[in-house]
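Here are the chains, one letter per residue:
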Amino acid sequence: MFIINSGCNHCEVDILYFYEMNEFLQTSIEFLKGVGPQRAELLRKEINIYTFSDLLNYFPFRYIDRSKYHKISDLPYLDSYAQLKGRIVQVSEGGNGKFKKLTAKFQDESGMIDLVWFQGIRWIRPLLKVGVEYQLFGKAKLFGSTWNIPHPELAEYDSITVKTGLQPVYSSTERLTAAGLHSKGIERLTAALIPQIKGRIPETLPLDIIQQNRLISREDAFRLAHLPKFENDFHQARLRLKFEELFILQMEMLLRKKISMHKSSGFVFKEVGDVFNNFYNNYLPFELTGAQKRVLKEIRRNVMEGVHMNRLLQGDVGSGKTLVALLTMLMGIGNDFQAALMAPTEILATQHFETISEQLKDLPVKVALLTGSVKKKNRVHIHEGLEDGSIHILIGTHALLEDVVQFQNLGIVVIDEQHRFGVAQRARMWKKNTTPPHVLIMTATPIPRTLAMTFYGDLDVSVIDELPPGRKPISTVHRYESYRLRVFGFLREEINKGRQIYIVYPLIHESEKMDFNNLMEGFESITRAFPLPEFKVSIVHGKMKPEDKDFEMQRFIKGDTQIMVATTVIEVGVNVPNASVMIIESAERFGLSQLHQLRGRVGRGAEQSYCILMTGDKISKDTMKRIETMVRTNDGFEIAEVDLQLRGPGDLMGTQQSGILNLKIADLARDGQLVVLSRDEAKRLLETDPRLEKPENGMLRQIMEHVFRSKPDWGKIA
Ligand code: ADP
Ligand code: MG
């Protein structure tokens, strides 16, 4: 391979590490040879380069091996970017109005190809000189039957500055280019700066870590990132800088975890208690899975310690998180505390209430349900029961958070499907007792391990990675619209076997009206295909009154209707074991994790279940990848990994924790192994020097102090 893509599209971001606050690095860019006041002004305005340090951290986004060129005649066989050397023989402008096009005929000894531009024509045109030799970088595309290269990068070929080795490519802007600071101009600046850095870049990582991991020094990393000779140089440079970034982040997470453990003492659940034992020995509906047992032990150890529990419980849909939650709450009750279970929707809260009340019916545990639709009189009654301690478990929705809801002695809070709750809402649960209750957050959206380490690095994480026995894997297929009649035929067969069906439609905010119409049309066509009295069809969507929604949901749960047409309101948690088919309409419009969540509504009983992903005929490459992934696997963690690759960590985690996303070089989606490595190394270091007191860790200590000063509490989850 002769062109190395650094894989970083936004490396122009400045990295203003405070430890580069030494005099040399903080020198104004104006004073670098070849800059001066005017260019300095431009560098500041256009790409935020104020100082030497900023320039050092302005990394090339690609490197070109200048010693190697492709031929134009090779291009049709090359499905990648290529470097060419040749001359422009003619320039012309065509098209009109919005669709202007600039074309340059480019020739080398093997042939000719058109270079085309659709944008920036006004400033590119004057730069194109006929007869001058250019070095070109671009990718050939087939338009109709002719090949051309849209928007190539061009630089005048300059045999004097052409050395062997790799040429860095920096991103530039229109105004910088006009001032001579195109990629090559910036390269001249870094080339002027690099010789001066010798002995002036403080090392941030302890020597031991550098040696153990065979990293290069910080100084070498800057030198080789800007002026690599060999491919390996640039890899080494990036590896070093990425490792440093991730290592510092992991140090921070580990230290935060330590601090919060020291600071917040928590309730002690001395023993598992009688209620737990009684339930476990006499009323447990099934043998726990190995994973459930392991997680319970982890929780048990945690709540005995006198340390506040702040634990994330990850487990795929149907893995049996509710039972773990119940047993955890019983531990609290056995130690004279109250427990609360908060769910994101009324339907789900009600379902939890019904299951748990049923399971506890022979035990001296009082369970109450509090949702928005509980009537005033009942509500007051519940408030009293909570305050005098006669209610042991409160299950509900957001209504639990209201200030009027006060407990006598709340010891444990379980939050189901955490992604629906904001940080602020969770924080309100803390205020329900003088010491914050233990918190168990359950999520069925598996988070890839590397992300969990980073985003929830200050939380404890438990994972249920095993489904209860006897589950048949859901069989998932992709069907195009043209297949619909056969799909309906299949549904009839399933209904005749006594099964129930979900049919889910997308309802996205931006196109709400159209989606709603589609849903209604879909509902009508289904009632036509599945007519009364033989078939009964329910419908649930967000515009219905809560009572009506509930009524329809209940009809389906009881088996009075065989088909449930719905929007994603049923996404979370609902449990109807007899439902065996999930049809997802316009599956192309759902994200991967949402598809997986929806699919998790079936496959809960003993029967073989199916998920049918319906799409239009034309679907994008990304959609195809999502669909293929769904068809290939039922493993939520594997799906989460693919989702991470497709969407990137920002979209995956929501903007809530975006503070952590200010990574400059490392990429959580691609650098998974480095995340793990840096985590292990940070742990190892803190084991030998927990307070960073050793002289060799002095720099690190300063860095951490700075980090903690500049980023207060974003890590707090609950
Ligand atoms: P989720 O993790 O998605 O919340 P649930 O707690 O709703 O899953 O459990 C899914 C189904 O599996 C429920 O019907 C539950 O009763 C059942 N279940 C839970 N644990 C076990 C087990 N150890 N053995 C058999 N079935 C179980
Ligand atoms: Mg659940």
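Nothing here was measured: the structure is a model prediction, and the numbers come from that model.

1. Quick word on the site of ligand 1
- Residues in contact with ligand 1 amount to 16 residues; listed here are only the nearest, Gln292, Gly318, Lys321, Thr322 and Arg471.
- Contacts to ligand 1 include Gly318, whose backbone N or O atom sits 2.6 Å from an oxygen atom.
- Protein chains shield 84% of the accessible area of ligand 1, which is 570 Å² for the free molecule.

2. What about unusual backbone geometry?
- A cis geometry characterises the amide bond from Leu532 onward to Pro533, with omega recorded as -5°.
- With respect to the helices and strands, Pro533 occurs in the loop between α17 (512–529) and β20 (537–540).
- In this structure, His151 takes a positive phi of about 40° despite not being glycine.
- Relative to the helices and strands, His151 resides in the loop between β8 (146–150) and β9 (153–156).
- Residue classification places His151 among the partly exposed residues on the basis of a relative accessible area of 36%.
- Positive phi, close to 65°, is recorded for Asp336, a residue that is not glycine.
- Along the polypeptide, Asp336 turns up in the loop between α11 (321–334) and β12 (338–342).

3. Brief notes about empty space enclosed by the protein
- The tally for this structure, following the rule as stated, stands at one cavity of 30 Å³ or more.
- Considering only enclosed or pocket space, the largest cavity measures out at about 30 Å³ in volume.
- Class assignment of the residues belonging to the lining of the largest cavity gives a composition of three nonpolar, four polar and three charged.

4. As for the sheet that holds strand β23 (residues 610–615)
- With parallel pairing, the six strands of this open sheet are ordered in space as β18-β23-β22-β19-β21-β20. Edge strands, defined here as strands with exactly one partner in the open sheet, are β18 (475–480) and β20. Each neighbouring strand pair of the sheet contributes to a mean axis angle of 20°, computed without reference to strand direction.
- With four bridges connecting them, strand β22 (residues 579–584) and β23 associate as parallel partners. Each bridged residue has a counterpart across the sheet, and for Met582 the counterpart in β23 is Cys611.
- Along the sheet, helix α19 (residues 592–599) contacts β18, β19 (500–504), β22 and β23; its crossing angle with β22, the most-contacted strand, is approximately 155°.

The rules we used
Residues numbered from 1 in each chain as written. Chains lettered and ligands numbered in written order. Predicted model: local features only at pLDDT ≥ 70, side-chain atom pairs only at ≥ 80, totals over all residues. Heavy atoms only, no water. Near = heavy atom within 4 Å. Polar contact = N/O pair within 3.5 Å; in protein donor to acceptor, adjacent residues only side chain to side chain. Areas by Shrake-Rupley, 256 points an atom, 1.4 Å probe, with all protein chains shown as cover. Helix = DSSP H or I, 4+ residues; strand = E, 2+ residues; numbered from the N terminus. Buried < 20%, exposed > 50% of the residue type's maximum accessible area, 1.4 Å probe, protein only. 1 Å grid on protein atoms, 1.4 Å probe; cavity = no way out; pocket = protein on both sides within 12 Å on 5 of 7 lines; lining within 4 Å. Points joined across faces, edges and corners; volume = space filled by probe spheres on them. Nonpolar A, V, L, I, M, F, W, Y, C, P; charged D, E, K, R; others polar. Pairing = 2+ DSSP bridges. Axes fitted to C-alpha atoms, helices over the stretch in contact; angles between N-to-C directions. Contact = heavy atoms within 4.5 Å.

Function cannot be inferred from these measures alone, as they are strictly geometric.
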